[in-house]
Amino acid sequence: MRDLLRNLPVFDRPLPAFDPGAAPPDPIDLLEGWLREAIAAGVSEPHAMTLATAGPERLPDLRVLILKDLDAEGLYFASESISAKAGQLGANPQAALGFYWREQGRQIRVRGPVQPAGPEVSAQDFLARPLSSRAASLIGRQSSVLHDPADLTEALAEAQARLEADPHLVAEHHTVYLLKPMSVEFWQGDAQRRHIRLRYRRTEDGWRTERLWP
Ligand SMILES: Cc1cc2nc3c(=O)[nH]c(=O)nc-3n(C[C@H](O)[C@H](O)[C@H](O)COP(=O)(O)O)c2cc1C
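Residues numbered from 1 in each chain as written. Predicted model: local features only at pLDDT ≥ 70, side-chain atom pairs only at ≥ 80, totals over all residues. Heavy atoms only, no water.

Looking at an unreviewed UniProt entry, one finds the protein chain named Pyridoxamine 5'-phosphate oxidase and attributed to Catellatospora bangladeshensis. Word for word, the UniProt comment on the protein chain under Sequence similarities (unreviewed entry) is "Belongs to the pyridoxamine 5'-phosphate oxidase family." (UniProt positions renumbered as here; feature names shortened; annotations may be inferred.)

Below you can see the structure in the form of structure tokens.
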């Protein structure tokens, strides 16, 4: 296995340019710009990101989620308030988010506190989802043990029937969370390993930027 892994190429494709000197003062603007470039370049699922959390046992955990929105407040994702991640965030409301866009050799890391965005935001997000996603959330048992896959089939059919009967129904546990960035790092890969790293850190009077050694 080791030789197989060792011989796999990395960054052997044309990669986009990144000029940190021309980066905007606010990392949210750069994140939005990179997201737009990723979408335009046809990057596969550029809004899929890894959320890392650590609960009371201090053992880091992570999983992939979809970025739902981005604004001056921060980054939004949706999940269930009864899930494992929600329990971890309840005990320790600090998290990190990571994006990796292999087609562009780009990585973004975001760290900061997380809080629920509020019931109205969650309800709006829920109602905008397709029926199958709403049915999956309505079950409200994310991360608990599934003893028999037939129970899932049954619960999905039941949830779908409830939503068809009441299209305005909102799942009790569906929650949009907001991560407020305290630090954001942009990383541009380079074939010659002159990778470019730019870190933004929030200070009392705005954002401070630093280049980092690769
Ligand atoms: C591409 C992708 C997108 C996903 N999007 C979400 C999402 O937006 N919300 C969510 O709760 N889980 C999403 N999941 C499932 C999570 O990775 C995870 O399995 C689930 O949230 C349970 O995590 P937990 O047990 O740590 O709470 C997604 C998985 C993948 C692979």
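A separate point is the overall build of the protein chain. Of regular secondary structure, the protein chain possesses 6 helices and 9 strands. Along the longest, intermediate and shortest principal axes, the C-alpha atoms of the protein chain span 55 × 50 × 40 Å. The buried share of the protein chain, taken over its 214 residues, is 36%. Considering only residue pairs separated by 6 or more positions, the protein chain has 65% of its internal contacts joining residues 24 or more positions apart. Accessible area for the protein chain stands at about 13,000 Å²; split by element, carbon and sulfur atoms hold 52% of it. Here the protein chain contributes 25 positively and 29 negatively charged side chains, and the mean placements of these two sets differ by 9 Å. (Helix = DSSP H or I, 4+ residues; strand = E, 2+ residues; numbered from the N terminus. Buried < 20%, exposed > 50% of the residue type's maximum accessible area, 1.4 Å probe, protein only. Contact = heavy atoms within 4.5 Å. Areas by Shrake-Rupley, 256 points an atom, 1.4 Å probe, with all protein chains shown as cover. Lys, Arg positive; Asp, Glu negative; His and termini not counted. Charge placed at Lys NZ, Arg CZ, Asp CG, Glu CD.)

By secondary structure assignment, the location of Ser-122 is in helix α4 (residues 119-127). Relative accessible area serves as the criterion here: at 6%, Ser-122 is assigned to the buried category. Discounting residues that sit within four places of it in the chain, Ser-122 has contacts with His-174, Thr-175 and Val-176.

Another aspect to go through is the UniProt feature "domain: Pyridoxamine 5'-phosphate oxidase N-terminal" (unreviewed entry) in the protein chain. UniProt tags residues 35-148 as "domain: Pyridoxamine 5'-phosphate oxidase N-terminal" (unreviewed entry). Across residues 35-148 one finds 28% helix and 39% strand; the C-alpha atoms that close the span lie 40 Å apart.

Counted according to the given criterion, the structure contains 7 aromatic pairs. With centroids separated by 5.8 Å and ring planes inclined at 70 degrees, the aromatic side chains of Phe-186 and Tyr-200 adopt a geometry described as edge-to-face. In this pair, Phe-186 sits in strand β7 (residues 183-188) while Tyr-200 sits in strand β8 (residues 196-203), placing the two residues 14 residues apart along the sequence. The buried category is assigned to Phe-186, whose relative accessible area is 0%. Taking the relative accessible area as the measure of exposure, Tyr-200 reaches 0% and is therefore buried. Between Tyr-200 and Trp-207 the ring centres are 6.4 Å apart and the planes differ by 80 degrees, which places this aromatic pair in the edge-to-face class. Here the aromatic cluster, defined as three or more aromatic residues joined through ring pairs, consists of Phe-18, Trp-34, Phe-186, Tyr-200 and Trp-207. Over the aromatic face of Trp-34 sits the side chain of Arg-106, whose NZ or CZ is 3.9 Å from the ring centroid. (Phe/Tyr/Trp six-rings, centres within 6.5 Å; stacked < 30°, edge-to-face > 60°. Lys NZ or Arg CZ within 6 Å of the ring centre and 35° of its normal.)

Our next topic: the environment of Leu-65. With respect to the helices and strands, the residue Leu-65 is situated in strand β2 (residues 60-71). In this structure, the C-alpha to C-alpha distance between Leu-65 and Leu-169, residues 104 residues apart in sequence, is 23 Å. If near-sequence neighbours (up to four positions away) are discounted, Leu-65 is found in contact with His-47, Ala-48, Met-49, Leu-51, Phe-77 and Lys-85.

The next point concerns the pattern of salt bridges. Opposite charge on two side chains makes pairing possible when the charged atoms of those side chains draw close. Counting across every chain of the model gives 10 salt bridges. Two residues, Arg-106 and Glu-37, come together in a salt bridge whose shortest N-O distance is 3.0 Å. A residue pair is termed long-range when its members are at least 10 positions apart, and Arg-106 in strand β5 (residues 106-116) and Glu-37 in helix α2 (residues 27-40) qualify at 69 residues. In this structure Glu-37 comes out as partly exposed when scored by relative accessible area, which is 37%. (Salt bridge = Lys/Arg side-chain N within 4 Å of Asp/Glu carboxyl O.)

For the rest of this paragraph, the subject is the site of the ligand. Around the ligand sit Arg-63, Val-64, Leu-65, Ile-66, Ala-78, Ser-79, Ser-83, Ala-84, Lys-85, Gln-142 and Ser-143, and those are all the residues in its vicinity. Here Ser-83 contributes a side-chain N or O atom positioned 3.5 Å from an oxygen atom of the ligand. The separation between an oxygen atom of the ligand and a polar side-chain atom of Ser-143 is 2.6 Å. When isolated, the ligand has an accessible area of 620 Å², and the protein chains bury 64% of it. (Near = heavy atom within 4 Å. Polar contact = N/O pair within 3.5 Å; in protein donor to acceptor, adjacent residues only side chain to side chain.)

What follows concerns a negative patch on the surface. Taken together, the side chains of Asp-148, Asp-151, Glu-154 and Glu-158 make up a negatively charged region of the molecular surface. Within the element layout of this structure, Asp-148 appears in the loop between α5 (131-139) and α6 (149-165). (Patch = residues over 30% accessible without salt bridge, like charges linked within 9 Å, V, L, I, M, F, W, Y side chains within 5 Å.)

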